[in-house]
Amino acid sequence: MACTLRLAADTAKLGQPEIALGLIPGYAGTQRLPRLVGKGRALQLILTGETISAQEAYRIGLVNEVVSAAGLIDRAETILKQIAANAPIAVKFSLEAANKGMDTSQAEGFALEASYFGICAATEDKKEGTSAFLEKRAPQFHGR
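Here's the deal with unusual backbone geometry
1) Next: You will see that Y27, though not glycine, has its phi angle at about 50 degrees, which is positive.
2) Next: Tracing the chain through its elements places Y27 in the loop between β2 (13–15) and α1 (29–37).
3) Next: Accessibility expressed as a relative area gives 82% for Y27, which makes it exposed.
4) Next: Within the chain, K136 stands out as a residue other than glycine whose phi angle is a positive 55 degrees.
5) Next: Counting through the fold element by element, K136 comes out in the segment after α7 (124–134).

Rendered as structure tokens:
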């Protein structure tokens, strides 16, 4: 749940079984799960200890995609390459804005986003991205 993106093999089973051990989910499981799937569904998983299929995890928003076990690494690498092809500064600030914004008010999130947008707008990568778009070519980002 702490991952930026979550892929699951079609044979995966997911759950929070700690309750059956007399524990509560650790590593922020009680905090991240409700944010991902909603409080009611999260509490059902946490309090019952039930496991769900990868397909159900996808349906409720716990995972982004379900793929065959054999294709899992290839799909993850494809997504990684798509992300890596983008401007590094914009990727960094997009992640920070989304993650920090979840822990603030919406107004504070808007302000943070605007600040990061301004920083990105002043980079060489923004100029390269815009030029590449207008010239209908792949951008060559350098993280500047």
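Thoughts on the pattern of salt bridges
Between side chains of opposite charge, a pair can form when the charged atoms approach closely.
1) Next: Applying the stated criterion across every chain, the model contains nine salt bridges.
2) Next: A salt bridge links E50 to R41; the nearest nitrogen and oxygen atoms lie 3.6 Å apart.
3) Next: Relative accessible area serves as the criterion here: at 27%, E50 is assigned to the partly exposed category.
4) Next: Measuring nitrogen to oxygen at the nearest pair gives 2.7 Å for the salt bridge that ties E135 to R137.
5) Next: Residue classification places E135 among the exposed positions, given a relative accessible area of 51%.
6) Next: If you follow the salt bridges from partner to partner, you end up with R41, E50, E56 and R59 in one network.

A look at the nonpolar core
1) Next: Membership of the largest hydrophobic core is limited to 12 residues, which are A8, L33, V37, A42, L45, I46, I52, A54, A57, I60, L62 and V63.
2) Next: Taken together, the elements giving at least two residues each to this core come down to α1, α2 (39–48) and α3 (54–59).
3) Next: No other element matches the three residues that α2 contributes to this core.
4) Next: Beyond its immediate sequence surroundings of up to four residues, I60 is in contact with L36, V37, R41, L45 and I52.
5) Next: Counting five residues, the second largest nonpolar core, distinct from the first, contains F93, A97, Y116 and C120.

Side note on the environment of K92
1) Next: Position of K92 among the secondary structure elements: in helix α5 (residues 88–101).
2) Next: Linking K92 and Y116, residues 24 residues apart in sequence, is a C-alpha distance of 9.7 Å.

Side note on the side chain of Q16
1) Next: Among the structural elements, Q16 can be located in the loop between β2 and α1.
2) Next: One polar contact links Q16 to E18, side chain to side chain, over a distance of 3.1 Å.
3) Next: Residues within four places of Q16 in sequence aside, it is in contact with M1, P25, G29, L33, L45, I46, G49 and E50.

Quick notes on the packing of α1 against α2
Describing two packed helices takes the angle between their axes plus the distance from one axis to the other.
1) Next: Axis separation between α1 and α2 bottoms out at 7 Å; the angle between their running directions is 135 degrees. Between α1 and α2, the angle falls in the class oblique. Handedness of the α1/α2 crossing: right-handed. Contacts from G29, T30, L33, P34 and V37 in α1 reach K39, R41, A42, L45 and I46 in α2.
2) Next: Here the contact of α1 with α2 is composed, by residue class, of six nonpolar, two polar and two charged.

Rules used throughout
Residues numbered from 1 in each chain as written. Predicted model: local features only at pLDDT ≥ 70, side-chain atom pairs only at ≥ 80, totals over all residues. Heavy atoms only, no water. Helix = DSSP H or I, 4+ residues; strand = E, 2+ residues; numbered from the N terminus. Buried < 20%, exposed > 50% of the residue type's maximum accessible area, 1.4 Å probe, protein only. Salt bridge = Lys/Arg side-chain N within 4 Å of Asp/Glu carboxyl O. Core = buried A, V, L, I, M, F, W, Y, C linked by side-chain atoms within 4.5 Å. Contact = heavy atoms within 4.5 Å. Polar contact = N/O pair within 3.5 Å; in protein donor to acceptor, adjacent residues only side chain to side chain. Axes fitted to C-alpha atoms, helices over the stretch in contact; angles between N-to-C directions. Parallel < 35°, antiparallel > 145°, perpendicular 65-115°, else oblique. Left-handed = near helix turned anticlockwise from the far one by under 90°. Nonpolar A, V, L, I, M, F, W, Y, C, P; charged D, E, K, R; others polar.

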